Amino acid sequence: MVGKKLAVVGTGYVGLVAGACFAKIGHDVICVDIDADRIEILQKGGIPIYEPGLETLVHEGVAAGRLKFTTKIADAAPCDAAFIAVGTPPRKSDGAADLSFVYDCARELAAILKPGAVIVDKSTVPVGTGDTVERIVRKTRPDVPIYVASNPEFLREGSAIIDFLEPDRIVIGCSDKAAEDILAAVYAPLVDKGHRLIKTKRRSAELIKYASNAFLATKITFVNEMADLCEAVDADIAEVALGMGTDSRIGPQFLQAGPGYGGSCFPKDTLALVRTAQEFGVSLRIVEQTVTANNARKRRMAQKVRHILHGNVEGKKIAVLGLTFKADTDDMRASPSIPMIELLQNAGAKVHAYDPEGIEQAKMVLTDVTYHLDPYQCAQDADAVIIMTDWESIRHIDLAKLASVMRSHVLIDLRRVYPPEEAAKHGFTIETIGRTGLEPSPISEFEPHFMHSDLNVHTRQAEEQTA
Ligand code: UDX
């Protein structure tokens, strides 16, 4: 295979992973970013983000002479394809994706790329963005054929490299055969290994990304609501999820009940999809409810803590283990730990927190938290420990040691890391999700509290209570 010349603009999670992986599969890659500090770190062999395996891959690419970093977009001029991987943060006003970085980038690329090159959107952008980008390109270089395509990413933080190199599918949305051929050649090394390439209309590709993320967010929210029901009827969500997930039509993944989904994608993409649908006069009631239910859940988790501490957290020392929105990332964006900590602080608690990678980012969004790099130090003299993220180091905590340093043995396990039976052996009172405590409630307590016709009222009341 003859490697292509590629540019990736934006060296965030998506851009840097994509750049390093493109180099790995044999292409010549130049990564561009306007952030000079970031580029300097990369040029000196540093990695500005935490992503397992990325450092090795970047070093390999650089050593092979196939991966370079620059602040000058002009360096992308000889490329066959230039991938836009810049941020699309939600606009504060309405939650819609802010596309100004994407458009600026397209304008600058259109001005310098060679005839026949393709500008590929990898950033998550609403349907129709490719059409706007194409108009920008035509206006900037009316005389030169430069194509525009969509190639959404499906990378999970923490396993982004494996997701890139061993994808379930690669989606390319092109409106020109020439662009499709270039992208097919870019991904040929992965397709040759048996990974599926799906060619679609550009608008379909744009929507596939949002539809996938909204569906996964809904799947998690569904299982979280089932977890609430399990608590009420003395069932166990792990068993229910196992029984559901073994139906091949449902599948076992993304059925892990937790404190609510967070991260850089699901919260932002579900909101942006709802806004897009509204603009086109289409109602996406399920996605809207997912957004509402997930926000309410994150707040409701703090009530669990207050409940187990008999409604009073004033002056109590609470140790939060895990801050990031999930394990194996330093990302704090929309992490359920943020509303948890803020609500506990508002109720008068003193919060201490442990996280192996997230503390620097946590400092930018939280105040008055005492941070620790050791979970036992964090839990010293604590009145309660809350498990927010299932880092490997948290999964392997020695419960006897934890109990020995705490003032009061209360454990709130929102990731179901510890079986309550195990925690009880060490004297812990445990509150978890998706199952009752060790003493199942008598069956007579399970009288339904409302009739089906009351459902709307009941749901509204529940929401008002948690708001
Ligand atoms: C997600 C998508 O998975 C990825 O395809 C997309 O491109 C970017 O967004 P990411 O945000 O990195 O990836 O994390 P993911 O592993 O999907 O988890 C998102 C959130 O859902 C986390 O808060 C996680 O804790 C939560 N989650 C996930 C659950 O609560 N239960 C699950 O079963 C799975």
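Residues numbered from 1 in each chain as written. Predicted model: local features only at pLDDT ≥ 70, side-chain atom pairs only at ≥ 80, totals over all residues. Heavy atoms only, no water.

## Quick look at the environment of Ala82
Here is step 1: When you line up the elements, Ala82 lands in strand β4 (residues 81–84).
Here is step 2: According to the relative accessible area criterion, Ala82 is buried, its value standing at 0%.
Here is step 3: Linking Ala82 and Lys122, residues 40 residues apart in sequence, is a C-alpha distance of 9.8 Å.
Here is step 4: Leaving out residues up to four positions away in the same chain, Ala82 has contacts with Ala7, Leu109, Leu113, Val118, Ile119 and Val120. (Helix = DSSP H or I, 4+ residues; strand = E, 2+ residues; numbered from the N terminus. Buried < 20%, exposed > 50% of the residue type's maximum accessible area, 1.4 Å probe, protein only. Contact = heavy atoms within 4.5 Å.)

## Points about the site of the ligand
Here is step 1: Neighbouring the ligand are 18 residues, the closest being Glu157, Gln256, Gly262, Lys326 and Arg415.
Here is step 2: Between the ligand and the protein, one listed contact pairs an oxygen atom with a backbone N or O atom of Leu255 at 3.4 Å.
Here is step 3: Residue Arg415 places a side-chain N or O atom 2.9 Å away from an oxygen atom belonging to the ligand.
Here is step 4: Coverage of the ligand by the protein amounts to 92% of the 660 Å² it exposes when considered alone.
Here is step 5: Split by domain, the shell around the ligand shows at least three residues from each of two domains, domain 1 (5–200) and domain 2 (201–467). (Near = heavy atom within 4 Å. Polar contact = N/O pair within 3.5 Å; in protein donor to acceptor, adjacent residues only side chain to side chain. Areas by Shrake-Rupley, 256 points an atom, 1.4 Å probe, with all protein chains shown as cover. Domains from an automatic or database assignment.)

## Regarding the domain arrangement of the chain
Here is step 1: By the assigned domains, the chain splits into domain 1 (5–200) and domain 2 (201–467).
Here is step 2: For domain 1 versus domain 2, the separation of C-alpha centres amounts to 33 Å.
Here is step 3: Contact residues are listed per partner, giving 36 residues for domain 1 and 30 residues for domain 2.
Here is step 4: Roughly 2700 Å² of surface becomes buried between domain 1 and domain 2 when both sides are summed, with 53% attributable to carbon and sulfur atoms.
Here is step 5: The three residues of domain 1 that bury the most area against domain 2 are Tyr50, Val127 and Glu157, which together make up 26% of that side's buried surface.
Here is step 6: There are five salt bridges connecting domain 1 and domain 2.
Here is step 7: Close ionic contact of Arg203 with Asp131 constitutes a salt bridge, the shortest N to O distance being 2.9 Å.
Here is step 8: Every element with two or more residues in the side of domain 1 that touches domain 2 is listed here: α5 (129–140), β6 (147–150) and β7 (169–174).
Here is step 9: Top element by residues in the side of domain 1 that touches domain 2 is β7. It accounts for five residues.
Here is step 10: Taken together, the residues of the side of domain 1 that touches domain 2 break down into 18 nonpolar, 11 polar and seven charged. (Buried area = accessible area lost by both parts, 1.4 Å probe. Salt bridge = Lys/Arg side-chain N within 4 Å of Asp/Glu carboxyl O. Nonpolar A, V, L, I, M, F, W, Y, C, P; charged D, E, K, R; others polar.)

## Some remarks on empty space enclosed by the protein
Here is step 1: For the structure on display, the rule yields one cavity of 30 Å³ or more.
Here is step 2: Taken together, Asp121, Lys122, Ser123, Thr124, Val125, Ser150, Pro152, Ala205, Glu206, Lys209 and Tyr210 make up the full set of residues lining the largest cavity.
Here is step 3: By residue class, the composition of the lining of the largest cavity is four nonpolar, three polar and four charged.
Here is step 4: If you count residues domain by domain, the lining of the largest cavity takes at least three from each of domain 1 (5–200) and domain 2 (201–467). (1 Å grid on protein atoms, 1.4 Å probe; cavity = no way out; pocket = protein on both sides within 12 Å on 5 of 7 lines; lining within 4 Å. Points joined across faces, edges and corners; volume = space filled by probe spheres on them.)

## Concerning the packing of aromatic side chains
Here is step 1: Applying the stated rule across the entire model yields seven aromatic pairs.
Here is step 2: Relative to Phe83, the ring of Phe22 lies with its centre 4.7 Å away and its plane at 35°, an arrangement referred to as tilted. Placement of Phe22 in helix α1 (residues 13–24) and of Phe83 in strand β4 is noted, with a sequence separation of 61 residues between them. Taken individually, Phe22 and Phe83 each receive the classification buried, so the pair is uniform in this respect.
Here is step 3: An aromatic cluster is built from Phe22, Phe83, Phe164 and Tyr187, whose rings are joined through pairwise contacts.
Here is step 4: For Arg169, the ring lying beneath its charged end belongs to Phe154, and the centroid distance is 3.5 Å.
Here is step 5: The positively charged end of Lys401 is found above the aromatic ring belonging to Tyr376, 4.1 Å away from the centroid. (Phe/Tyr/Trp six-rings, centres within 6.5 Å; stacked < 30°, edge-to-face > 60°. Lys NZ or Arg CZ within 6 Å of the ring centre and 35° of its normal.)

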